[in-house]
Amino acid sequence: MLKGGNMEHVSDADLRRRQRQIAAEIANIGFCLPGSLVERTGRCGNAGCSCHSDPSRRHGPYRSWTRRVAGKTTTRNLTPEQAQTYEPWFDNAARLHHLVRELEHLGAIAAARAEGWAEPPQPPPDRRRRAPAADPSGRGAA
Ligand SMILES: [Zn+2]
């Protein structure tokens, strides 16, 4: 991706090329799921079970899908098979959000150049837990 630090060295053609790369990647990104895939352990209903006295004996880990629906946190427990099936969809969502932020940053640079405004600062850091996929352009993200 293009980094915000040295935008004076990035040509307008580079900006347009990166914009087209992002558009092509978004076109192929597949299904996305909102929220996150979390892993947790739990205690059962049996008060005599060691899971109640020893945190290391808690059951699980279980994986679940947590998201906000109408302002409320909603959790759906997933079987191992479901977690395996849908994990890439969470990765796709993280990648999509990353690409959209980069596209917005490119747009802010392009507008600033066209209008003679001071170029925008570096975009805010990724707040999502999962790291975005490697840059498939091979140009590196140094
Ligand atoms: Zn138990």
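So, how was this worked out
Residues numbered from 1 in each chain as written. Predicted model: local features only at pLDDT ≥ 70, side-chain atom pairs only at ≥ 80, totals over all residues. Helix = DSSP H or I, 4+ residues; strand = E, 2+ residues; numbered from the N terminus. Expected span 1.5 Å × (residues − 1). Bend = angle between axes of the 7 residues up to and from the residue. Buried ≥ 20, exposed ≤ 12 C-beta atoms within 10 Å, placed from the backbone. Contact = placed C-beta atoms within 7 Å. Axes fitted to C-alpha atoms, helices over the stretch in contact; angles between N-to-C directions. Parallel < 35°, antiparallel > 145°, perpendicular 65-115°, else oblique. Left-handed = near helix turned anticlockwise from the far one by under 90°. Nonpolar A, V, L, I, M, F, W, Y, C, P; charged D, E, K, R; others polar.

**Student:** What am I meant to see in helix H2 (residues 80-115) here?
**Tutor:** Helical geometry: 3.6 residues make up each α-helical turn, so side chains three or four residues apart lie on a common side. Given a rise of 1.5 Å per residue, 36 residues ought to cover 52 Å, and the 53 Å separating the end C-alpha atoms of H2 matches this to within 8%. Maximum bend of H2: about 35°, positioned at Tyr86, with proline Pro88 one to four residues after it. Phe90, Arg95, Glu102, His105 and Leu106 are the residues of H2 that are buried. On the buried face of H2, the contacting elements are helix H1 (12-27) and strand S1 (36-42).

**Student:** Explain the packing of H1 against H2 here, please?
**Tutor:** Packed helices, taken two at a time, are described by the angle their axes make and the gap between the axes. Relative to each other, H1 and H2 sit at 155°, their axes nearing to 10 Å. Between H1 and H2, the interaxial angle falls into the category roughly antiparallel. Between H1 and H2 lies a crossing of left-handed hand. Taken together, the residues of H2 that come into contact with H1 (itself represented by Asp12, Leu15, Arg18, Gln19, Ile22, Glu25 and Ile26) are Leu96, Leu99, Glu102, Leu103, Leu106, Ile109, Ala110 and Arg113. For the contact of H1 with H2, the per-class residue count stands at 9 nonpolar, 1 polar and 5 charged.

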